[in-house]
Amino acid sequence: MIEFADVSRIFMVGEQEVSALRNINLNLAAGEYVSIMGPSGSGKSTLLNLIGLLDRPSAGIYRLDDLDVTTLDDEQQARVRREKIGFVFQFFHLVPRLSAATNIELPLILGGVPAEQRKERVAQLLQNYGLTDRAHHRPDQLSGGQRQRVAIARATIMQPAVLLADEPTGNLDQTTGKEVMGLLENLVGQGVTLVLVTHDPALGQRASRQLRMVDGQIVSDIRQNS
Amino acid sequence: MNLADILRFASGSLRGARTRTLLMMLAMSIGVAAVVILTALGEGARRYVVNQFSSLGSNLVIVLPGRSETAGAMPGMLLGQTPRDVVLDDALALLRSASILRIAPLIVGAAQASHDARNREVVLLGSTPELLEIRHMELAQGRFLPETDPHTATPVCVLGAKIRRELFGPEPAVGAWLRIGDRRFRVIGVLASQGESMGMNTDNLVIVPVASAHMLLNTQALFRILIEAKSRDSIAGAQRDAEQIMMERHGGERDVTVITQDAVLATFDRILRALTLAVGGIAAISLSVAGILIMNVMLIAVAQRTQEIGLLKALGAPPAEIRRLFFAEAALLSMVGSLLGLVLGEIGSAIIGLAYPALPVAAPWWAVLAAFGTALGTGILFSVWPARRAAQLDPVMALARR
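Just so you know, these numbers come straight off a predicted model, no measurement behind them.

### Thoughts on the overall build of chain B
No. 1: Per the secondary structure count, chain B includes 14 helices and 12 strands.
No. 2: Counting only residues that meet the buried cut, chain B has 41% of its 402 residues in that class.
No. 3: Considering only intrachain contacts with a sequence separation of at least 6, the fraction spanning at least 24 residues in chain B is 83%.

Here it is in structure tokens:
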């Protein structure tokens, strides 16, 4: 469902051109669990941003569900992002003044879903993630694990086909980290494509397909049956 | 995102930064209140003057002896000429004009009036019965000057309310004798108290027939001729005819000035309206300052909420939506601020109205609308740039920032 053909991304740093990605060719099937590992600056976050349509490739073609998304304008890309892609960030990125429930509701509000339907779906997710009694707390009143659970609930409320996680456990302790990974992997079981960017080899090895990147290129692509 | 959600989101972020929001609304409301109060004052002054003029009479044309010259000293004086007096027959001749409904000649002078032992300095006014109609005067008792040949010096007089009170006290005045100068006059009427009107207080007057005033003041020269034109449309004709007739009677010389009440009124109206606009405009500058403040604060908000904007983009908000959110925020801010300002302005005007009851203080509707519109307009205009900036933020950079 995700298809990269000769994709490059070049940044201008001052006068100099820096290639963050060089001629990436990649195919991810629906429901795959992929981890991207590699040293800092190897281009793994850039790749994730490209998959998530937060960034545009300098060259090459990206097809999502057989649709060439590189030619879409900002408006259309935003729509694709809203409907097909969910993000989970290292720093949670919850809106500090909004309650947990409203943070989860945000994608539905942006999508123009009527209020009654929103309430129902938010309540369902709060229950799924054990946050019902925390619904009206603001992010600063929640623990790290709870915040990331709110973020995952928000990322999944639109039932996206692809979930992109950038170091989702980077700010959590081991126990909570495991718990959060459990939640994410659980979603793979439900047919979601999960792309996980991490430094941590132990975490990366849990994925059924492991990509390793160095210097903007994919140097290894290992599949294993878990 | 539907409108209700946009507004809820925007008001949420305004509530999130309470101090900032309050200060902004204060700036906005002071601007709007200033516009409302200042225009209310200006408009009050204008209406005060207009009312004063209208109470003088309607469709008035006034003949003044002498030509008003704008070029230096009066050239007639230098040549040893003085303008010819305007006399009673000049006034009566004006009735030939088809545009003129009626006229009232006026002679004014000071005189000594006494009754029993009481004696007062009064303003003596010589005129004809038509004065009552032309000047919109009202009688409290008795009747006005008799309808006789204006050349006859009938010894009767009509008193102003204050003179009547001071000379007669509780005694009945109508029918009594009053001595003015060296002659005796029968009091036939008393004017209703009207108060001040363009510097002339009718309460302090004693009105006698014009011929009697000639004798008392020992002059034939009229002070003014008041003319009432037949209708509003014939004012210009009356003015033209009056000038023509006076010129014919004065040997082809233009030695009188004919002014219309409308022209004077229109001039005052223009001056005071310009004044109102000027003070309103100055107040509006404070509004644009408030607008710049809004821009500044919105720019800060964009910088502070970079992450939030990045997140909204990641969640699938298109640039136009982000722009709308910031617009809504600025619009809400300036709307609430302006409403507050309108309330403040109305309260301020009401207080001024209480302090100066004679002044009809009320902001004209156009000023209220303009203030509200300007506030809203500047608020939204000055948020264009910050909103664009927010919409154009690169989501990757915005989210990377911690």
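### Brief notes about the overall build of chain A
No. 1: Along its length, chain A carries seven helices and 10 strands.
No. 2: Counting the 226 residues in chain A, one finds 45% classified as buried.
No. 3: In chain A, the proportion of contacts linking residues at least 24 apart, taken out of those at least 6 apart, comes to 69%.

### Overview of the packing of helix 2 (residues 18-54) of chain B against helix 9 (residues 261-304) of chain B
Residues and elements named next belong to chain B.
No. 1: Contact pair helix 2 / helix 9: the axes reach a minimum separation of 9 Å and the direction vectors enclose 180°. With respect to helix 9, the element helix 2 is oriented roughly antiparallel.
No. 2: In terms of residue class, the contact of helix 2 with helix 9 is built from 25 nonpolar, seven polar and five charged.

### Some remarks on the sheet that holds strand 7 (residues 162-166) of chain A
Residues and elements named next belong to chain A.
No. 1: Taken in spatial order, the six strands line up as 6-7-8-3-9-10 in an open sheet, and their pairing is mixed. Sheet topology places strand 6 (85-88) and strand 10 (217-223) at the edges, where each strand pairs with a single neighbour. Within the sheet, the average angular offset between the axes of one strand and its neighbour, ignoring direction, is 20°.
No. 2: Of the strand pairs in this sheet, strand 9 (residues 209-214) and strand 10 are connected by six bridges, and their pairing is antiparallel. When the bridges of strand 10 are listed, Met213 appears paired with Ile218.
No. 3: Contacts from helix 1 (residues 44-51) reach strand 3 (33-37), strand 7, strand 8 (193-197) and strand 9, with the element oriented near 150° to strand 8.

### As for the sheet that holds strand 4 (residues 59-64) of chain A
No. 1: The strand order across the open sheet built from four strands is 2-1-4-5 (chain A), with neighbouring strands paired in antiparallel fashion. A strand with exactly one partner marks an edge of an open sheet, and here the two such strands are strand 2 (16-28) and strand 5 (67-68) of chain A.

### Details of the interface of chain A and chain B
No. 1: Counting residues at the interface gives 21 residues for chain A, matched by 22 residues for chain B.
No. 2: Listing elements by their share of the side of chain A that touches chain B, those giving two or more residues are helix 2 (74-84) and helix 3 (100-110) of chain A.
No. 3: A breakdown of the residues in the side of chain A that touches chain B according to their chemical character gives 11 nonpolar, three polar and seven charged.

### Observations regarding the nonpolar core
No. 1: In terms of nonpolar packing, the biggest core is built from 117 residues, with Ile36(A), Ile104(A), Leu164(A), Val195(A), Val32(B), Val35(B) and Val36(B) touching the most fellow members.
No. 2: When residues of this core are assigned to their parent elements, the largest contribution, 14 residues, is made by helix 2 of chain B.
No. 3: Excluding residues within four positions of it along the chain, Val32(B) makes contact with Leu287(B), Ser338(B), Gly341(B), Leu342(B), Gly345(B), Ala371(B), Phe372(B) and Ala375(B).

### Section: the pairing of strand 7 of chain A
Residue and element names in this part refer to chain A.
No. 1: With respect to burial, strand 7 is a largely interior element, five of its five residues being buried.
No. 2: Here strand 7 shows a buried face lined by Val162, Leu164 and Asp166 and a second buried face lined by Leu163 and Ala165.
No. 3: As paired strands, strand 6 and strand 7 are joined by four bridges and run parallel to one another. Each bridged residue has a counterpart across the sheet, and for Gly86 the counterpart in strand 7 is Leu163.
No. 4: One ladder, built from five bridges, connects strand 7 with strand 8; its direction is parallel. Considered in strand 8, the bridge of Leu164 is made with Val195.
No. 5: The parallel pair strand 7 and strand 8 is bridged by helix 6 (residues 174-189), and the resulting crossover is right-handed.

### What to know about helix 8 (residues 235-249) of chain B
Residue and element names in this part refer to chain B.
No. 1: Relative to the 21 Å expected for 15 residues at 1.5 Å per residue, helix 8 spans 21 Å between its end C-alpha atoms, a close match to the ideal helical length.
No. 2: Those residues of helix 8 that fall on the buried side of the exposure criterion are Ile235, Ala238, Gln239, Asp241, Ala242 and Met246. Mapping the buried residues of helix 8 onto a view down its axis gives an arc of 165°, with all of them on the same face.
No. 3: Where helix 8 is buried, its residues touch strand 1 (60-65), helix 4 (88-93), strand 2 (100-115), strand 11 (224-229), strand 12 (256-260) and helix 9.

### Considering the confidence of the model for chain B
Parts of the prediction with low pLDDT should not have their coordinates interpreted in detail.
Residue and element names in this part refer to chain B.
No. 1: Across chain B, the average pLDDT comes to 85, with 94% of residues at or above 70.
No. 2: Ranking the elements of chain B by mean pLDDT puts helix 3 (residues 75-78) last, at 52, and strand 5 (residues 156-159) first, at 93.
No. 3: Across the predicted assembly, pTM comes out at 0.69 and ipTM at 0.90.

### Brief notes about unusual backbone geometry
Residues and elements named next belong to chain A.
No. 1: The backbone of His93 shows a phi angle near 50°, a positive value even though the residue is not glycine.
No. 2: Mapped onto the secondary structure, His93 falls in the loop between strand 6 and helix 3.
No. 3: Of note in this structure, Glu167 is not a glycine but carries a positive phi near 45°.
No. 4: Mapping Glu167 onto the fold places it in the loop between strand 7 and helix 6.

### Examining the packing of helix 3 of chain A against helix 5 (residues 144-156) of chain A
Residue and element names in this part refer to chain A.
No. 1: Interhelical geometry of helix 3 versus helix 5 gives an angle of 25° and a closest axis separation of 7 Å. With respect to helix 5, the axis of helix 3 lies roughly parallel. Where helix 3 crosses over helix 5, the two elements pack in a sense that is right-handed. Residue-level inspection shows Ala100, Asn103, Ile104, Leu106 and Pro107 of helix 3 in contact with helix 5, the latter providing Val150, Ala153 and Arg154.
No. 2: Classifying every residue of the contact of helix 3 with helix 5 by side-chain character gives six nonpolar, one polar and one charged.

### Notes on the environment of Ser212(B)
Residue and element names in this part refer to chain B.
No. 1: Residue placement: Ser212 occurs in helix 7 (residues 210-217).
No. 2: Judged by the 24 C-beta atoms lying within 10 Å of it, Ser212 falls in the buried class.
No. 3: The contacts of Ser212, once residues within four sequence positions are left out, are Gly126, Ala153, Thr154 and Pro155.

### What to know about the environment of Pro155(B)
Residues and elements named next belong to chain B.
No. 1: Tracing the backbone shows Pro155 in the loop between strand 4 (139-142) and strand 5.
No. 2: With 15 C-beta atoms packed within 10 Å, Pro155 lands in the partly exposed category.
No. 3: Beyond its immediate sequence surroundings of up to four residues, Pro155 is in contact with Arg183, Arg184, Phe185, Arg186 and Ser212.

### Considering the environment of Arg324(B)
No. 1: In this structure, Arg324(B) sits in helix 11 (residues 319-355).
No. 2: Put simply, Arg324(B) and Arg388(B) are 64 residues apart on the chain and 9.6 Å apart in space, counted from C-alpha to C-alpha.

Parameters at a glance
Just so you know, the residues in each chain are numbered from 1, in the order the chain's sequence is written. Written order determines the labels here, with chains lettered from A and ligands numbered from 1. A pLDDT threshold of at least 70 governs which residues receive local features in this predicted model, and a stricter bar of 80 or more applies before side-chain atom pairs are shown or counted, although totals over entire chains, interfaces and linings include all residues. Secondary structure follows DSSP: runs of H or I at least 4 residues long count as helices, runs of E at least 2 residues long count as strands, and numbering of each begins at the N terminus. Any residue surrounded by 20 or more other C-beta atoms within 10 Å of its C-beta is treated as buried, while 12 or fewer makes it exposed and the intermediate range makes it partly exposed; C-beta atoms here are placed from the backbone. Contact between two residues is assigned whenever their backbone-derived C-beta positions fall within 7 Å. Axis geometry follows a simple rule: fit a line to the C-alpha atoms, using only the stretch in contact for helices, then measure angles between N-to-C directions, giving values from 0 to 180 degrees. Throughout, the term roughly parallel applies to angles under 35 degrees, roughly antiparallel to angles over 145, roughly perpendicular to angles from 65 to 115, and oblique to all others. Residue classes follow a fixed rule: Ala, Val, Leu, Ile, Met, Phe, Trp, Tyr, Cys and Pro count as nonpolar, while Asp, Glu, Lys and Arg count as charged, and any other residue, Gly among them, counts as polar. Note on pairing: DSSP must find at least two bridges between two strands before they are called paired. In these notes, a nonpolar core means any group of buried Ala, Val, Leu, Ile, Met, Phe, Trp, Tyr and Cys residues linked to one another through C-beta atoms within 7 Å. By convention a crossover is right-handed if, when the strands point away from the viewer, the path from the first strand over the helix to the second runs clockwise. Multiply 1.5 Å by the residue count of a helix minus one, and that product is the helix's expected span. For this quantity, the arc is that covered by the directions from the helix axis to the C-beta atoms. Across the chain, each position has a pLDDT score giving the predictor's confidence in that residue, from 0 to 100. Here a crossing is taken to be left-handed if its near helix is turned anticlockwise relative to the far helix by less than a right angle, and right-handed if that turn runs clockwise.

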